[in-house]
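# Understanding the architecture of this molecule
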Amino acid sequence: MSITPINPIGPVGPVLSTVAPAPAAGATGSGFASSLAGAVDDLQQLQSTSNQLAVQAVTGSLDDVHTATLAATRAQVTLEVAAAIRNKGVDAFNEIMRMQA
């Protein structure tokens, strides 16, 4: 009896990447900084889009309210993830400071 490996399930829909491309060889440590800046810019864009769609929904110029709801939820979840990453970074920094003391 042969065992057939289980294939992983791929993404269902399009996946938006907030990660910047890898830095070129010889670049200094600016790759992380540019990735972080790109993620913050993407978060600001999501929030801006959410606000614009919310205004359109309130004024009645938006035909599909679901679009505004999805944009607001996407912006909220992205902000929560960014806050969680920030909190983990602060915790890691505090732990490093405790080890030095």
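Worth saying up front: this structure is predicted, and the values here are computed from it rather than measured.

Analysis parameters
Residue numbering note: each chain is counted from 1, following its sequence as written. Local features in this predicted model are restricted to residues of pLDDT 70 or higher, and side-chain atom pairs are both shown and tallied only at a pLDDT of 80 or more, whereas totals for entire chains, interfaces and linings draw on every residue. Calculated side-chain values reflect all of the structure's heavy atoms, with hydrogen atoms and water omitted. Angular values range over 0 to 180 degrees, each being the angle between N-to-C directions of two axes fitted as lines to C-alpha atoms, with helices fitted over their stretch in contact. Numbering of helices and strands starts at the N terminus; helices are DSSP runs of H or I of at least 4 residues and strands are runs of E of at least 2. With respect to orientation, any angle under 35 degrees is reported as roughly parallel, any angle over 145 as roughly antiparallel, any angle of 65 to 115 as roughly perpendicular, and every other angle as oblique. A clockwise turn of the near helix away from the far one marks a right-handed crossing, whereas an anticlockwise turn of less than a right angle marks a left-handed crossing. Any pair of residues with heavy atoms lying within 4.5 Å of one another is described as a contacting pair. Each residue gets one of three labels, nonpolar for Ala, Val, Leu, Ile, Met, Phe, Trp, Tyr, Cys and Pro, charged for Asp, Glu, Lys and Arg, and polar for the others, Gly among them. To estimate the expected span of a helix, count its residues, drop one, and scale the result by 1.5 Å. Buried residues are those whose accessible area, probed at 1.4 Å on protein chains only, stays under 20% of the maximum for their type, while exposed residues exceed 50% and partly exposed ones sit between those limits.

## A word on the packing of helix H1 (residues 30-59) against helix H2 (residues 65-100)
- Contact geometry for H1 and H2: axes closest at 8 Å, N-to-C directions at 150°. One finds that H1 runs roughly antiparallel with respect to H2. The handedness of the crossing between H1 and H2 comes out as left-handed. Taking contact as the criterion, the partners of Leu 43, Leu 46, Gln 47, Ser 50, Leu 53, Ala 54 and Ala 57 in H1 are, on H2, Thr 67, Ala 68, Ala 71, Ala 72, Arg 74, Ala 75, Thr 78, Leu 79 and Ala 82.
- Here the contact of H1 with H2 is composed, by residue class, of eleven nonpolar, four polar and one charged.

## Thoughts on H1
- With 30 residues, H1 extends 43 Å between its outermost C-alpha atoms, agreeing within 8% with the 44 Å of an ideal straight helix rising 1.5 Å per residue.
- Elements in contact with the buried residues of H1: H2.
- A positive backbone phi angle near 90° is found at Gly 60, which sits one or two residues after H1.

## A closer look at the side chain of Ser 50
- Along the chain, Ser 50 turns up in helix H1.
- Overall, the relative accessible area of 10% leaves Ser 50 in the buried class.
- Setting aside residues up to four positions removed in sequence, Ser 50 forms contacts with Ala 71, Ala 72 and Ala 75.

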